[in-house]
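# Structure at a glance
Chain residues, written in single-letter form:
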Amino acid sequence: MLRALAVIGCCAVWLTACSPTFDWRPVAFGQGGAAGVLPDAPQSQTRPVSFEGRTLALTMHSARAGGVLFALGAANLPPEWAGDAQARLRLARWAMEALYRNAGAEPPGPDIDPQQRFSFLGQGPQGPVRVEAQIRVTADEWLEAVVIAGPDDQARAPVGDFWLSLRWPGGAGTGVPGGLPR
């Protein structure tokens, strides 16, 4: 009996050591009230992105937990795009297609709404990845939330907590209201 308890205890310690820590931290991104959580202290990086002759400064806040990358991003839009719903839709579609292309996957057809949450299988540097993302383009911002992981890593990670925490401008969330993970 004592030996069985020792083996169970060793297994529990071993499993805990192999499991990534998710120290969820609230992160505001963009200017319009978008917020979510990341599983560790976020790293932030801003890079220029060219779209239709414009350069947008996309700032991504990201954190890793185990083999899973979580990211929240935002870029301000030119003021004249506030009244151009078609330009904003083209940007949302272009951003969605860029995620597919970057993961070596074929983008979906034009009938897919790029602002609904989507997922697909692609290829990363270490092998197959599952990409799950949502893009929102408002009158003045391009916003995106992305999770990238190996299929096994994503299945073990509390990815649902990330999506439940997400709040878009105007208070709209992806999950249930007040769904911040504990």
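Above: the structure in question.
Residues numbered from 1 in each chain as written. Predicted model: local features only at pLDDT ≥ 70, side-chain atom pairs only at ≥ 80, totals over all residues. Heavy atoms only, no water.

## A look at the overall build of the chain
A count of helical and extended segments in the chain gives four helices and eight strands. Across the chain, helices and strands are ordered from the amino to the carboxyl terminus as α-β-β-β-β-β-α-β-β-β-α-α. Each of the 182 residues in the chain was classed as buried or not, and the buried ones make up 40%. For the chain, the share of sequence-separated contacts (at least 6 apart) that also reach a separation of at least 24 residues comes to 44%. About 10100 Å² of surface is accessible on the chain, with carbon and sulfur atoms providing 56% of the total. (Helix = DSSP H or I, 4+ residues; strand = E, 2+ residues; numbered from the N terminus. Buried < 20%, exposed > 50% of the residue type's maximum accessible area, 1.4 Å probe, protein only. Contact = heavy atoms within 4.5 Å. Areas by Shrake-Rupley, 256 points an atom, 1.4 Å probe, with all protein chains shown as cover.)

## Things to note about the environment of Val-68
Structurally, the position occupied by Val-68 is in strand β5 (residues 68-76). Looking at Val-68, the relative accessible area reads 1%, which means it is buried. Considering only alpha carbons, one finds Val-68 and Val-147, 79 residues apart in sequence, at a separation of 7.0 Å. Beyond its immediate chain neighbours, meaning those up to four positions away, Val-68 contacts Ala-63, Val-147, Ile-148, Ala-149, Asp-153, Gln-154 and Ala-157.

## What about the layout of surface pockets?
Here the largest pocket is characterised by a volume of approximately 800 Å³. In this structure, the largest pocket is lined by 32 residues; those nearest its centre are Leu-69, Leu-99, Asn-102, Val-146 and Ile-148. Looking at the lining of the largest pocket, the elements that each hand over two or more residues are β3 (43-51), β4 (54-65), β5, α2 (85-102), β6 (118-124), β7 (127-137) and β8 (141-149). Considering only residue class, the lining of the largest pocket consists of 18 nonpolar, 11 polar and three charged. (1 Å grid on protein atoms, 1.4 Å probe; cavity = no way out; pocket = protein on both sides within 12 Å on 5 of 7 lines; lining within 4 Å. Points joined across faces, edges and corners; volume = space filled by probe spheres on them. Nonpolar A, V, L, I, M, F, W, Y, C, P; charged D, E, K, R; others polar.)

## Things to note about the nonpolar core
Ranked by size, the top nonpolar core spans 27 residues in total, and within it Leu-91, Phe-118, Phe-120, Ile-135 and Trp-142 carry the most contacts. Of all the secondary-structure elements, those providing two or more residues to this core are β3, β4, β5, α2, β6, β7 and β8. Counting residues per element, this core draws most heavily on α2, at seven residues. (Core = buried A, V, L, I, M, F, W, Y, C linked by side-chain atoms within 4.5 Å.)

## Here's the deal with the side chain of Arg-93
Within the fold, Arg-93 resides in helix α2. Residue classification places Arg-93 among the buried residues on the basis of a relative accessible area of 15%. Ignoring anything within four residues of it in the chain, the contact list for Arg-93 reads Pro-108, Gly-109, Pro-110, Asp-111, Ile-112 and Pro-114.

## What about the sheet that holds β3?
Spatial ordering of the open sheet is given by β3-β4-β5-β8-β7-β6, a layout of six strands whose pairing is antiparallel. Two strands bound the open sheet, and with one partner strand each, they are β3 and β6. Averaged over all pairs of adjacent strands, the angle between their axes in this sheet comes to 25 degrees, without regard to strand direction. Inspection of the sheet shows β5 paired to β8 by nine bridges, in the antiparallel sense. Across the sheet, the residue bridging to Leu-69 is Ile-148, located in β8. Taken strand by strand, α2 contacts β3, β4, β6, β7 and β8, and its axis lies near 170 degrees from that of β7. (Pairing = 2+ DSSP bridges. Axes fitted to C-alpha atoms, helices over the stretch in contact; angles between N-to-C directions.)

## Re the packing of aromatic side chains
Following the criterion strictly, the structure yields 10 aromatic pairs and no others. For the ring pair Phe-51 and Trp-94, a centre distance of 5.5 Å and an interplane angle of 50 degrees mean the geometry is tilted. Placement of Phe-51 in strand β3 and of Trp-94 in helix α2 is noted, with a sequence separation of 43 residues between them. Between Phe-70 and Phe-162, the ring centres sit 5.3 Å apart and the planes meet at 55 degrees, which makes this aromatic pair tilted. With Phe-70 in strand β5 and Phe-162 in helix α4 (residues 159-165), this pair connects stretches of sequence that are 92 residues apart. Exposure remark for Phe-162: the relative accessible area of 0% places this residue in the buried category. Members of the aromatic cluster, connected to one another through ring pairs, are Trp-24, Phe-70, Phe-162 and Trp-163. (Phe/Tyr/Trp six-rings, centres within 6.5 Å; stacked < 30°, edge-to-face > 60°.)

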